[in-house]
Amino acid sequence: MSCIFCEIANGERAADLVYEDEIAVAFRDINPQAPTHILVIPREHIAGPLSVDADNAPIIGHLVAVAAKIAQQEGIAPDGYRLVINQGRDGGQSVFHIHVHVLGGRRMSWPPG
Ligand code: AMP
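Here the structure is a predicted model, which is why all the values come from computation and not from measurement. (Residues numbered from 1 in each chain as written. Predicted model: local features only at pLDDT ≥ 70, side-chain atom pairs only at ≥ 80, totals over all residues. Heavy atoms only, no water.)

Moving on, we get to unusual backbone geometry. Look at the link from Trp110 to Pro111: it is a cis peptide, with omega at 5°. Mapped onto the secondary structure, Pro111 falls in the segment after strand S5 (100-104). (Helix = DSSP H or I, 4+ residues; strand = E, 2+ residues; numbered from the N terminus.)

Following this line, the structure appears as structure tokens:
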């Protein structure tokens, strides 16, 4: 089954990459919801947060660490930023390859919509 985020991670689909290493890739969201909106994904296909278990949990920790690096890189770390991982229909997930949204550059509201 094809997966657009696997294609981006493999270099088969173009994206505005901001970071990559052996475990993760990060790129700008095509439909940004904040001045800075970057997606951090693992190279390994994991469908969503519901598919995280003891074996692959270190990968998710790595995504959060990459998000911190990107926040520094993008200049949003001092004022803060929001990380979002959506799961399923009610969570608002539209791409079924786990991704951490890194949102910053404006004040976020709570509760989320
Ligand atoms: P979610 O709704 O949490 O599954 O988030 C999926 C995100 O992927 C949305 O914010 C989309 O705008 C974004 N997106 C979908 N396709 C691409 C793409 N080819 N390049 C960059 N971002 C994308």
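Moving on, there is more to tell.
Take the site of the ligand next. Not every one of the 16 residues close to the ligand is listed here, only the nearest: Asp29, Asn86, Gly92, Ser94 and His101. Between an oxygen atom of the ligand and a side-chain N or O atom of Asp29, the distance comes to 2.5 Å. When isolated, the ligand has an accessible area of 510 Å², and the protein chains bury 84% of it. Contributing elements (two or more residues each) for the shell around the ligand: helix H1 (4-10) and strand S2 (24-28). With 3 residues, H1 is the single largest residue contributor to the shell around the ligand. Its residues placed into classes, the shell around the ligand shows 7 nonpolar, 7 polar and 2 charged. (Near = heavy atom within 4 Å. Polar contact = N/O pair within 3.5 Å; in protein donor to acceptor, adjacent residues only side chain to side chain. Areas by Shrake-Rupley, 256 points an atom, 1.4 Å probe, with all protein chains shown as cover. Nonpolar A, V, L, I, M, F, W, Y, C, P; charged D, E, K, R; others polar.)

So, about the nonpolar core. In terms of nonpolar packing, the biggest core is built from 18 residues, with Ala26, Val40 and Ile70 touching the most fellow members. Mapped onto this core, the elements with two or more residues apiece are strand S1 (17-20), S2, strand S3 (36-42), helix H2 (57-74) and S5. Looking at which element gives the most residues to this core, the answer is H2, with 7 residues. Excluding its chain neighbours within four sequence positions, the residues that come into contact with Ile70 are Val18, Tyr19, Ala26, Ile38 and Val40. (Core = buried A, V, L, I, M, F, W, Y, C linked by side-chain atoms within 4.5 Å. Buried < 20%, exposed > 50% of the residue type's maximum accessible area, 1.4 Å probe, protein only. Contact = heavy atoms within 4.5 Å.)

Keep in mind these values describe shape, not function.
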